[in-house]
Amino acid sequence: MDLTLIICTYKRGKSIDQTLNALQGQLPSSTKWQLLIVDNADDIETQQVAKKYHDTLPVELIIEKKPGQNSARNAAIPHIKGELVVFTDDDITPKENWLQSLLTAAQHHPEADVFGGRIIPVWPDKGTPWQADAWFSNFVYADQDLGDEDLEYKEGCYPSSPNMAIRKKIFDQGITFNDKIGPIGKNRISGSESEFLSRVLQDRKGLYIADSKVLHRITANMMTRKYLRKRCYAMGLGMSVWNASPSNERNLPQIFGVPRYRIGRIATESLKAFWYQLTFDNTKASEAECAALLDLGFCIGIWKNLKSSI
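The paragraphs below set out a description of the structure included in this document.

Bringing the overall build of the chain into the picture now. Helix and strand content of the chain: 11 helices and 13 strands. Computed over C-alpha atoms, the radius of gyration of the chain comes to 20 Å, within 12% of the 19 Å expected from 2.2 N^0.38 for 310 residues, which places it in the range of a compact globule. Over its C-alpha atoms, taken along the principal directions, the chain stretches across nearly 60 × 40 × 40 Å. Considering only residue pairs separated by 6 or more positions, the chain has 80% of its internal contacts joining residues 24 or more positions apart. Averaged over its 38 positive side-chain charges, the chain has a centre that lies 5 Å from the centre of its 37 negative ones.

Here's what the structure looks like:
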């Protein structure tokens, strides 16, 4: 089989319905592929949606009750038949030829084992909100656009969840996702794809494919300060696991195992957030508190030795 597409979902029947509807006609009838939907909640609505597309998409439903996106991904691995395995989320709309562009890239670049592409946020209201240009947009909204030319992913830059493809042979070698990272119920240690790909790409090549494009549908709750605070803190925790000792920080002055400047930045950004709030500049206040929370999450993850516990 040429390709397997995996979508993990948790009680989002309406969203995955929209995604599946947009997937129809993505590949020519001559392409042999399968679509694995992993229901991580044993949700009746999700199962009804999957059944709705049995005649138009090669849908196979898997129910995985162990909570967590990575647990759901790992549950799909034994069912993979395609030589190229594409992962996406239940809230994307693919652009024309999205899957074909990844499949073609894999056929033309046998030296590469990982592929990714553009992820374009679609905001709930007309116009571009301030969050689109914020420093955290790339990981909070999976916003990725590396330009109009194909290129190799470098250290620290990886494909993201809505648009990520991996050769099946990687999973045949026994490599799986860390099921203690990522969204797990109400808890989250962010960076599950980065942690996984930091292992996979140690001695393998990954390519960004400019023609591979998906739209990532952003909901109103994903733009609130509460949501942003939670995501930035969770990303800091994740960085303490998969990027605990960045090469550019190893020789810097340390305090209890973390670079001293990070602690200073927590204090500085917290003061900025307080000042901006006093001056009713909610945008700058939110950006500053998110910066403080990312560093706080990183420091707490190091001090708790989170990496060894997972």
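Looking now at the nonpolar core. Core analysis: the largest hydrophobic core is formed by 45 residues, its most contacted members being Ile6, Phe136, Tyr141 and Phe171. By residue number, the principal contributor to this core is helix α8 (residues 225-242), which donates 6 residues. Look past the residues within four positions of Tyr141 in its chain and what remains in contact with it is Pro121, Trp123, Gln131, Phe136, His216, Ile218, Met222, Met223 and Leu228.

This paragraph deals with the pairing of strand β6 (residues 114-122). Most of β6 is tucked away, with 7 of its 9 residues classed as buried. Here β6 pairs with strand β8 (residues 164-167) via 3 bridges, running antiparallel. Each bridged residue has a counterpart across the sheet, and for Val114 the counterpart in β8 is Ile166. Two elements, β6 and strand β11 (residues 206-217), share 9 bridges in a ladder whose sense is parallel. Its bridge partner being in β11, Pro121 is matched across the sheet by His216.

This part covers a nonpolar patch on the surface. Side chains of Phe274, Trp275 and Leu278 sit close together on the surface and give an oily, nonpolar patch of about 370 Å² of accessible area. Positionally, Phe274 belongs in helix α9 (residues 260-278). Classification of Phe274 by relative accessible area gives exposed; the value is 55%.

With that settled, the discussion passes to the packing of α9 against helix α10 (residues 282-303). At a minimum axis distance of 8 Å, the contact between α9 and α10 shows a crossing angle of 155°. It follows from the interaxial angle that α9 and α10 lie roughly antiparallel. Seen along the crossing, α9 lies across α10 with a hand that is left-handed. Residues Arg262, Ile263, Arg265, Ile266, Glu269, Ser270, Lys272, Ala273, Tyr276 and Gln277 of α9 pack against Asn282, Lys284, Ala285, Ala288, Glu289, Ala291, Ala292, Asp295, Leu296, Phe298, Cys299 and Trp303 of α10. For the contact of α9 with α10, the class distribution of residues is 12 nonpolar, 3 polar and 7 charged.

The next point concerns the environment of Ser270. As for its position among the elements, Ser270 is in helix α9. Residue class for Ser270 comes out partly exposed when judged on its relative accessible area of 35%. With 23 residues separating them in the primary sequence, Ser270 and Leu293 have C-alpha atoms 8.7 Å apart.

With that settled, consider the packing of aromatic side chains. Counted according to the given criterion, the structure contains 11 aromatic pairs. With 6.1 Å between their ring centres and 35° between their planes, Phe171 and Phe177 make a pair best called tilted. For the pair Phe171 and Phe177, a shared accessibility class is recorded, and that class is buried. Clustering of aromatic rings is evident, with ring pairs tying together Phe87, Phe171, Phe177 and Phe196. The positively charged end of Arg73 is found above the aromatic ring belonging to Phe177, 5.0 Å away from the centroid.

The next subject is the pairing of strand β1 (residues 3-9). Burial runs high along β1: 7 of the 7 residues are buried. Covered by surrounding structure in β1 are Leu3, Leu5, Ile7 and Thr9 together with Thr4, Ile6 and Cys8, the residues of both alternating faces. A crossover connection joins β1 to the parallel strand β2 (residues 33-39) through helix α1 (residues 13-23); in handedness this β-α-β unit is right-handed.

Right, let's get into α10. Residues spaced three or four apart along an α-helix face the same direction, because each turn holds 3.6 residues. Look at α10: 31 Å from first C-alpha to last across 22 residues, which is about the 32 Å you get at 1.5 Å a residue. Trailing α10 by a residue or two, Asn305 shows a phi angle of about 55°, which is positive.

The next thing to look at is the pattern of salt bridges. Within the structure shown, the criterion is met by 20 salt bridges. Linking Asp172 and Lys168 is a salt bridge whose minimum nitrogen-to-oxygen distance equals 3.1 Å. Residue Asp172 and its partner Lys168 are both found in helix α6 (residues 168-172); the two are separated by 4 residues, about one turn of the helix. Across the salt bridge formed by Asp295 and Arg262, the nearest N and O atoms sit 2.6 Å from each other.

Procedures and definitions
Residues numbered from 1 in each chain as written. Predicted model: local features only at pLDDT ≥ 70, side-chain atom pairs only at ≥ 80, totals over all residues. Heavy atoms only, no water. Helix = DSSP H or I, 4+ residues; strand = E, 2+ residues; numbered from the N terminus. Rg over C-alpha atoms; globule rule 2.2 N^0.38 Å. Contact = heavy atoms within 4.5 Å. Lys, Arg positive; Asp, Glu negative; His and termini not counted. Charge placed at Lys NZ, Arg CZ, Asp CG, Glu CD. Core = buried A, V, L, I, M, F, W, Y, C linked by side-chain atoms within 4.5 Å. Buried < 20%, exposed > 50% of the residue type's maximum accessible area, 1.4 Å probe, protein only. Pairing = 2+ DSSP bridges. Patch = residues over 30% accessible without salt bridge, like charges linked within 9 Å, V, L, I, M, F, W, Y side chains within 5 Å. Areas by Shrake-Rupley, 256 points an atom, 1.4 Å probe, with all protein chains shown as cover. Salt bridge = Lys/Arg side-chain N within 4 Å of Asp/Glu carboxyl O. Axes fitted to C-alpha atoms, helices over the stretch in contact; angles between N-to-C directions. Parallel < 35°, antiparallel > 145°, perpendicular 65-115°, else oblique. Left-handed = near helix turned anticlockwise from the far one by under 90°. Nonpolar A, V, L, I, M, F, W, Y, C, P; charged D, E, K, R; others polar. Phe/Tyr/Trp six-rings, centres within 6.5 Å; stacked < 30°, edge-to-face > 60°. Lys NZ or Arg CZ within 6 Å of the ring centre and 35° of its normal. Right-handed = clockwise from strand over helix to strand, strands pointing away. Expected span 1.5 Å × (residues − 1).

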